[in-house]
There are 2 protein chains.
Amino acid sequence: MTQHPLRVIPLGGLGEIGKNMMALEYHRDIIVIDAGVLFPEEAMLGVDLVIPDISYLVEHRDRVRGIFITHGHEDHTGALPYVLRSLPVPVYAPRLAHGLITVKLKEHRALRGVKLVAVEPKQSIRAGAFRVQFFRVCHSIPDAMGLAIETPVGLVVHTGDFKIDHTPVDGQPSDLGEVARLGQKGVFLLFSDSTYAELPGYTPSERVVGEALDRAIGEAEGRVMVATFASLISRIQQVITSAHRHGRKVAVVGRSMVDNVKMAQEMGYLADPGGVLVPLKALGKLPQRQVVILTTGSQGEPTSALVRIANGDHPDVRVMPGDTIVVSATPIPGNETVVSRTIDNLFRLGARVLYDKVALVHVHGHASREELKLVLSLTHPRFFVPVHGQYRHLMAHAQLARDLGVPKDNAVVLQDGDVLELSHAGGRMAGQVPAGNIYVDGLRLWDVKSAVLRDRRVLARDGIVVVVLTVDKGTGQVLGTPEVVSSGFVDPGEAGELMKRAAQAALGALDHRSRPSQPLDWSYISVKLKEALGNFLYAETHLRPLVIPVSVEV
Amino acid sequence: MTQHPLRVIPLGGLGEIGKNMMALEYHRDIIVIDAGVLFPEEAMLGVDLVIPDISYLVEHRDRVRGIFITHGHEDHTGALPYVLRSLPVPVYAPRLAHGLITVKLKEHRALRGVKLVAVEPKQSIRAGAFRVQFFRVCHSIPDAMGLAIETPVGLVVHTGDFKIDHTPVDGQPSDLGEVARLGQKGVFLLFSDSTYAELPGYTPSERVVGEALDRAIGEAEGRVMVATFASLISRIQQVITSAHRHGRKVAVVGRSMVDNVKMAQEMGYLADPGGVLVPLKALGKLPQRQVVILTTGSQGEPTSALVRIANGDHPDVRVMPGDTIVVSATPIPGNETVVSRTIDNLFRLGARVLYDKVALVHVHGHASREELKLVLSLTHPRFFVPVHGQYRHLMAHAQLARDLGVPKDNAVVLQDGDVLELSHAGGRMAGQVPAGNIYVDGLRLWDVKSAVLRDRRVLARDGIVVVVLTVDKGTGQVLGTPEVVSSGFVDPGEAGELMKRAAQAALGALDHRSRPSQPLDWSYISVKLKEALGNFLYAETHLRPLVIPVSVEV
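Residues numbered from 1 in each chain as written. Chains lettered and ligands numbered in written order. Predicted model: local features only at pLDDT ≥ 70, side-chain atom pairs only at ≥ 80, totals over all residues.

This brings us to the pairing of strand β7 (residues 116-119) of chain A. Residues and elements named next belong to chain A. In this sheet, β7 lies alongside strand β6 (residues 91-94) in parallel orientation, the contact comprising 4 bridges. When the bridges of β7 are listed, Tyr 92 appears paired with Val 117. Where the polypeptide runs from β6 across helix α4 (residues 95-107) and back to β7, its parallel neighbour, the crossover connection is right-handed. (Pairing = 2+ DSSP bridges. Helix = DSSP H or I, 4+ residues; strand = E, 2+ residues; numbered from the N terminus. Right-handed = clockwise from strand over helix to strand, strands pointing away.)

In structure tokens, the structure reads:
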């Protein structure tokens, strides 16, 4: 008889796209699934990356038996360099992810002492009370896996990010047979990818994109550039294959894609039997209709190759009229504006641009509703927890599960930090653990309570005004006129004169009766100065800059 | 014989969505079509609004005969309060737009002295060498018009924002007969709406949405809230009609929608024969299934009613489980993230939410490709200039025109500020006039050259550090230790200690040999301090805050 419940503790990726992380706990054993980052929104000013809050895991670090990585994307692996610092546990990952993580940890000089294990499909790993077995799924990177986890309470299946592609480029379809076999054994709990739980029908096969790319490359009169995700090895393979067919050479531009192509070739995930891959500088000698350039930047990332090319700002590649540029990606939510601007800039430079709205040059890597139904039908789980997606995606996926026969209360929409306890008697919510955004900013990690982002938001809106008072150390009296400087507030041409008048306003705010005779109470004066200057500046400009008073004692 | 060319001078809306404005010039006469605003992107930190640069018009203000408004949306009218200040010319607008502009100018206390004329379809206005006649089109606001403009060079047709809806809610379809008649007279130049030039097929009729809304309202067990654009009178009409049919009352929440509903009723654009419109406080007495709430906020605007409701932060309306909330809009490009967050928050509060991805609760107000083809076919213009849209939309629309027989060089993609001269002999580009973003920020107007936004961007990224040096007025020597303060840089808990060390670093940067004996060269010292402190702080944090040195003389 089971004495303990299985505890499900999502730490990231539930109610957002990215930063995926999930803990499973049984008695004194914890395993972790994925450790991803979230790329910051524009409103997270100056933040480099967002990682999950792992304080619960750190607190119970003696129980954590390992981190199981489903595939090599950053939103599933990118937090590892930070997580492993305070949680030095074994990491199990499919072979390609293992390679990518190794590179990433090396960059962070964090590889030493880490136990990083490459696993194959069907391989089984014991981790405390858990036994974890990987099975193959299709996604937009090779070597993506789902997990079948034996627990004392029952079998848990986690799909990872997946789609069902019967004709994938690498010839390795999702292992539906294994999913069916698990279903026959009886699945206690299913976690399934909800990213596209709103989308009706089936996600098309990568093969469809291959055909569109081949047509674009075959028909182009001049050069062809293809921008896609650096990790989308299957897409890169399609471009190489198609270039070979049409007598073109391919050069790769953009550091992350160059690195990935090199690694994928070495590890056998990318084939170039025709030898079409050449260094960029070799292209100069070729006629334009023998040239293909593969590049990063399909998400409009400001420092990426494609964006620099679109801005006419790349040292090696300039757009020429006659170029065909294929943006082989769909904007991730939040990137719509920058992607759209990049496409416009390419058009302005005279290129013909093909993108998702006008040509079938991308399919996404996640299952649509019919595929989600298939997995639910094959596994018919007792409990269902939708993972990976914004809250409405989780809601839609839970409803789908109920429509397919999962009892209403057994399809549970969790949010990060929720603790769900499951046993054969049923499920219950069992409180909360810390979960939320940890911001990586240079060498610092902030949490949401930090004032840094709040202050930056104020600075970003209306700028800053600093007022410096000189105070006599002995008497505490203010000497002379305050010095007032500003930044990001009004135009520098206007600021000088306005700051002079602000200095007078500051002086006026100091109580005239007390000023010459009494020592200053700085905390009182500081509040008063902020208020008086704030009012003066608002009346003048209708702006509310941050006002910071500084006292200098002499 | 024509002696002068027709000059086409777009000042906004070509290569972007919003801020629509176009000038037509013949010899010594200029007319202006629309004067819109652009709502700022997140990257335009703290900016309230963006308006077109009208310096060319101001320079030639003696030639400007009037501004012709196609319809009452802000992206066609919102710049009027600013434009009329320096360009006090007559404004001609359809009746509803006239009403909305009057309200807007009153708010800005800018109505006095303005000649604002309400026009009807088929009405004709002489303006210098031009004669302008309005014709009816369908759009997502009643009383939208296109313009037929007789010029000495030939007939110019401007579609305004339009779609072809054979079954509009107000029973006033686009006047295709008039467009056909103009085509038979011979159209020299066509301007046509490119917003959805990428979208195949036809835009569905508003009637389709009416049916979906009626189903949602009819089936709901509890309250229904419908969020849409405050100016989308036809959608509001559909909700009122449907509420009446299902025995519900309707209250309007959100100032702009309350104002618009009031005006639309007074002007006869909105009918409430059943008397279902009631004040919000009257809803409290009704059973939940007799309640409909109409609200603003369908674009996730931070201070809108729906967003406050979704945040549990509205003084009068709280979401209850059992509520059905319909977001009857599609996110405008750039708003995807905030709309998505709002929908998620409503789900979290327990509501059932219907939105564009899962129900047909919105159709857009612009023509799709088949409708654009129809207008091109009916007018078969000699010249074609696509208007309203991002650059790739203009490119797609120009290509469509060429496919339909407009000679290649006569379908001209312009960008704001381009001057195109057209005559019977042909067209030629004739230079540039100033055009671009003017930022409205409180009471100030900045142009792109202003340092304000650049400074805000630096502040927003890594914050600011201010270093105050006290300098002896007589000798120019630095006294004591510099005072260093920061904001938005590192956590306040850490800042104190770090700023102390920064002060020492600043002191160290002052050349020790010269410090005690020589007066300071402030510009030299300032550069040196910025560099030394910047390096110190980067080494400590990997952040690059703005460093501002201030000297105080005593």
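From this point, the discussion proceeds with the structure in view.
Further remarks concern the interface of chain A and chain B. Contacts between the two partners involve 58 residues from chain A, matched on the other side by 58 residues from chain B. Of all the secondary-structure elements, those providing two or more residues to the side of chain A that touches chain B are α10 (336-348), α12 (391-403), β22 (444-447), α13 (451-462), β23 (464-471), β24 (478-487) and β25 (546-553) of chain A. Per-element tally for the side of chain A that touches chain B: the top contributor is α13(A), with 8 residues. (Contact = placed C-beta atoms within 7 Å.)

With that out of the way, let us pick up the relation of the copies chain A and chain B. For the pair chain A and chain B, the best superposition has an RMSD of 0.1 Å and corresponds to a rotation of 180 degrees with a translation of 0.0 Å parallel to the axis. In short, the pair behaves as if placed about a two-fold rotation axis. Distance from the rotation axis, computed per C-alpha, reaches its smallest value in chain A at A:Ala460: 2.4 Å. Most of the interface of chain A is mirrored in chain B, where 100% of its interface residues are also at the interface. (Least-squares fit on C-alpha atoms with pLDDT ≥ 70 in both.)

With that out of the way, let us pick up the packing of helix α11 (residues 369-379) of chain A against α12(A). Residues and elements named next belong to chain A. Between α11 and α12, the shortest axis-to-axis distance is 10 Å and the interhelical angle comes to 50 degrees. With respect to their mutual orientation, α11 and α12 come out oblique. Here the hand of the crossing between α11 and α12 comes out right-handed. Residues Arg 369, Leu 372, Lys 373 and Leu 376 of α11 lie in contact with α12, whose contacting residues are His 397, Leu 400 and Ala 401. Across the contact of α11 with α12, the residue classes tally to 4 nonpolar, 1 polar and 2 charged. (Axes fitted to C-alpha atoms, helices over the stretch in contact; angles between N-to-C directions. Parallel < 35°, antiparallel > 145°, perpendicular 65-115°, else oblique. Left-handed = near helix turned anticlockwise from the far one by under 90°. Nonpolar A, V, L, I, M, F, W, Y, C, P; charged D, E, K, R; others polar.)

A word on the sheet that holds strand β10 (residues 144-151) of chain A. Residue and element names in this part refer to chain A. The mixed open sheet is built from 6 strands, whose spatial order is β8-β9-β10-β11-β12-β18. For this open sheet the edge positions go to β8 (124-127) and β18 (383-387), each flanked by a neighbour on one side alone. Here the average twist between neighbouring strands, direction ignored, is 20 degrees. Both strand β12 (residues 189-193) and β18 contribute to a ladder of 5 bridges, which runs parallel. Looking at β18, one finds that Asp 193 is bridged to Val 387. Set on the sheet, α12 makes contact with β12 and β18; between it and β18 the angle comes to about 155 degrees.

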